[in-house]
Every structure is written in C-alpha cells, then in structure tokens.
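Examination of the molecular architecture
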Amino acid sequence: MFIDTHTHFDIVMKKLHCNEKTCMDNLGANNVINAVQVAISLETLQWSYDFALRNRESGILFTLGIHPSSASGKKELASLDTILSRAVTDHPDLLFGIGECGLDYYRMRQEKNLQINGFIHQITLAKQYHLPLIIHIRDAMDDALEILKSQAPTGGIMHCFPGDASAARKVLDMGFYVSFAGNVTYKNAHELHDSAAYVPLDRILVETDAPFLTPVPYRGKPNRPEYVIHTYDYIAALKNIELDVLKEKVFENFKALRNPGT
Ligand SMILES: [Zn+2]
C-alpha cells in the first residue's frame with residue numbers, strides 16, 4: 001500500500017476536470033490507502049475539512065493551514081483558529097496536522113513580515129494542539145531554521161524537501177520528518193538525490209504535492225495522487241532497498257505522526 005502525505009485535491013480536480021468519485025476510484029485502483037488533503041488558504045480551510053469528511057472511507061485526511069503565498073492577516077488567522085478548534089473537537093481522527101505554512105521568498109507573494117507572522121502563529125497552534133506541523137520552505141531555509149529553533153515546535157514534516165544533505169541534517173536534528181515529492185525523480189536534481197539517499201528510513205515520507213511536481217515518467221503532465229508510486233520506486237532504487245521496505249517504513253512513519261508517543 002502507498003500513502004500520499006501531501007496533496008491538493010481541489011486543484012487536481014480543477015486541472016484534470018475530474019470529479020471526486022473518479023479521484024477516489026483512482027486511489028483505490030492504485031492501492032493508495034491514505035492521502036492527505038492540504039489546505040493552503042482561507043478559501044480552502046472549510047473545503048478541505050468537508051472533503052475529508054465526505055471521503056473518509058477512501059482514507060482521506062486533511063490539514064488546516066495557510067501557505068506563505070496566501071494572505072494571512074488577522075481575518076484569515078482568526079478563521080483558521082475557529083475551524084481548527086472545531087476540527088480538534090469533532091474530527092481529531094481526520095485532522096492530520098497544521099499547514100502547509102512556512103516561508104516562500106521565491107514567489108514572495110506576501111510581504112516577508114506577514115509570512116513570518118503567519119508561520120509563527122501556526123507553529124503556536126501546532127504546539128497548542130500537539131499536531132504535526134507541515135512546513136513549506138522555498139529559498140528561505142536559513143530564516144525558517146532560525147524561526148523553528150526559536151519557536152521549538154514539537155515536530156512535523158518538511159514537505160517537498162528543497163535542500164541538500166546538510167540542510168536535511170539540520171531538519172532531522174530538529175526532530176522533523178523529511179518528505180520528498182516528484183521532483184526528486186528529475187535527472188538533474190542532484191542535491192535532492194543526495195538528500196533522499198541521506199535521510200534515514202525512520203524519518204522519510206513520500207508525497208506528490210499534486211497537481212505540481214509530477215514525477216518521471218509523467219513529468220510535464222499534471223500530477224495526480226496515484227502517481228506517488230513512481231516517487232516511491234525512484235527512492236527505493238536510490239537507496240538500494242526493496243520497494244516493500246520503503247512502503248512499510250513510510251507507513252510506520254505516517255502512523256507515528258498520527259499517534260505521537262506510540
Ligand atoms: Zn503543497
């Protein structure tokens with residue numbers, strides 16, 4: 001069985017013009033037993049919650065959070081607080097974590113200080129509710145590591161890991177899991193190959209970030225959650241281990257994040 005630890009079904013469905021039922025059937029047909037719907041903005045908070053509720057039988061979980069490229073002013077953060085406190089009470093079994101949140105100095109769609117404020121707010125929520133933090137970092141690793149060090153969240157995932165092996169070491173030292181997306185399969189992604197080879201099996205996760213970062217052999221087409229299989233294949237070959245071993249380890253890591261302390 002496979003798990004896609006980070007995906008955006010709302011954008012996938014729009015891009016592929018496919019409906020929910022087809023998406024869920026595709027997961028089942030490809031043995032993807034869990035997929036995490038990740039919220040990125042005020043508009044996607046409630047949608048992600050409802051989507052997971054509607055599709056819980058297909059193994060859908062959800063996160064609540066605001067991406068650094070989305071607005072994260074007072075209004076957005078207050079809505080996040082409200083929906084989150086409801087989710088924690090009503091559906092803790094479906095709520096996977098807080099995020100994606102972090103810093104994106106590559107796109108720089110929001111001012112730096114707004115991004116930092118939103119990030120710190122969400123770290124505080126993750127600590128308050130003992131939930132994994134799902135972190136997005138692009139061209140901002142140094143600032144992000146500094147904030148994480150000073151705010152000391154209890155743990156989580158560095159999603160779509162963007163750095164080399166020494167950055168991976170720092171993230172691991174802070175207790176985070178490192179998740180690789182389809183871009184690790186790209187021929188010239190040498191830093192990512194090194195990082196994926198370096199990250200130990202008890203701290204690794206695999207995701208699609210669909211519809212983005214489509215793995216080889218479908219690079220160039222919109223990504224789908226079921227394509228996660230190709231990233232598993234690639235990482236297993238890179239680490240010179242059986243695919244089944246990687247599947248089992250990712251499953252265990254995912255379970256540990258859902259049930260901290262076990
Ligand atoms: Zn994402």
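Attention here is on the structure that accompanies the text. (Residues numbered from 1 in each chain as written. Predicted model: local features only at pLDDT ≥ 70, side-chain atom pairs only at ≥ 80, totals over all residues.)

**Points about the packing of helix H3 (residues 42-54) against helix H4 (residues 74-90)**
Where H3 contacts H4, the two axes come as close as 9 Å, and the packing angle between them is 10 degrees. One way to sum up the angle between H3 and H4 is to call them roughly parallel. Here Leu-42, Leu-45, Gln-46 and Tyr-49 of H3 lie close against H4, whose contacting residues are Glu-76, Ser-79, Leu-80, Ile-83 and Ala-87. Of the residues belonging to the contact of H3 with H4, the class tally is six nonpolar, two polar and one charged. (Axes fitted to C-alpha atoms, helices over the stretch in contact; angles between N-to-C directions. Helix = DSSP H or I, 4+ residues; strand = E, 2+ residues; numbered from the N terminus. Parallel < 35°, antiparallel > 145°, perpendicular 65-115°, else oblique. Contact = placed C-beta atoms within 7 Å. Nonpolar A, V, L, I, M, F, W, Y, C, P; charged D, E, K, R; others polar.)

**Let's talk about unusual backbone geometry**
Note the cis peptide between Gly-99 and Glu-100, where omega equals 10 degrees. Tracing the chain through its elements places Glu-100 in strand E4 (residues 95-104). In the segment running from Ala-210 into Pro-211, the intervening peptide bond is cis, with an omega of 15 degrees. Structurally, the position occupied by Pro-211 is in the loop between strand E8 (204-206) and helix H9 (228-238). In this structure, Leu-213 takes a positive phi of about 50 degrees despite not being glycine. Considering the arrangement of structural elements, one finds Leu-213 in the loop between E8 and H9. Backbone geometry at Asn-240 places phi at a positive 60 degrees, although glycine is not the residue there. In this structure, Asn-240 sits in the loop between H9 and helix H10 (243-258).

**A closer look at the environment of Phe-212**
Mapping Phe-212 onto the fold places it in the loop between E8 and H9. Along the chain, Phe-212 and Tyr-198 lie 14 residues apart, while their C-alpha atoms are 24 Å from each other.

**Looking at the nonpolar core**
Residues Phe-62, Ile-98, Met-158, Val-178 and Phe-180 are the most contacted members of the largest nonpolar core, which totals 71 residues. Looking at this core, the element that brings in the most residues is E4, giving five residues. Excluding its chain neighbours within four sequence positions, the residues that come into contact with Ile-98 are Thr-63, Leu-64, Gly-65, Gln-122, Leu-125, Ala-126, Leu-131, Leu-133 and Ile-134. (Core = buried A, V, L, I, M, F, W, Y, C linked by C-beta atoms within 7 Å. Buried ≥ 20, exposed ≤ 12 C-beta atoms within 10 Å, placed from the backbone.)

**Quick word on H9**
An α-helical turn contains 3.6 residues, so any two residues separated by three or four positions project in the same direction. Every buried residue of H9 is listed here: Val-228, His-230, Thr-231, Tyr-234 and Ile-235. Angular distribution of buried residues about the axis of H9 spans 160 degrees; they occupy a single face of the element. Lining the buried residues of H9 we find strand E1 (2-7), strand E2 (32-37), strand E7 (177-180), helix H8 (190-198), E8 and H10. Where H9 ends, the next residue or the one after it, Asn-240, has phi of about 60 degrees, a positive value. (Arc of directions from axis to C-beta.)

Honestly, it's all geometry; don't read function into it.
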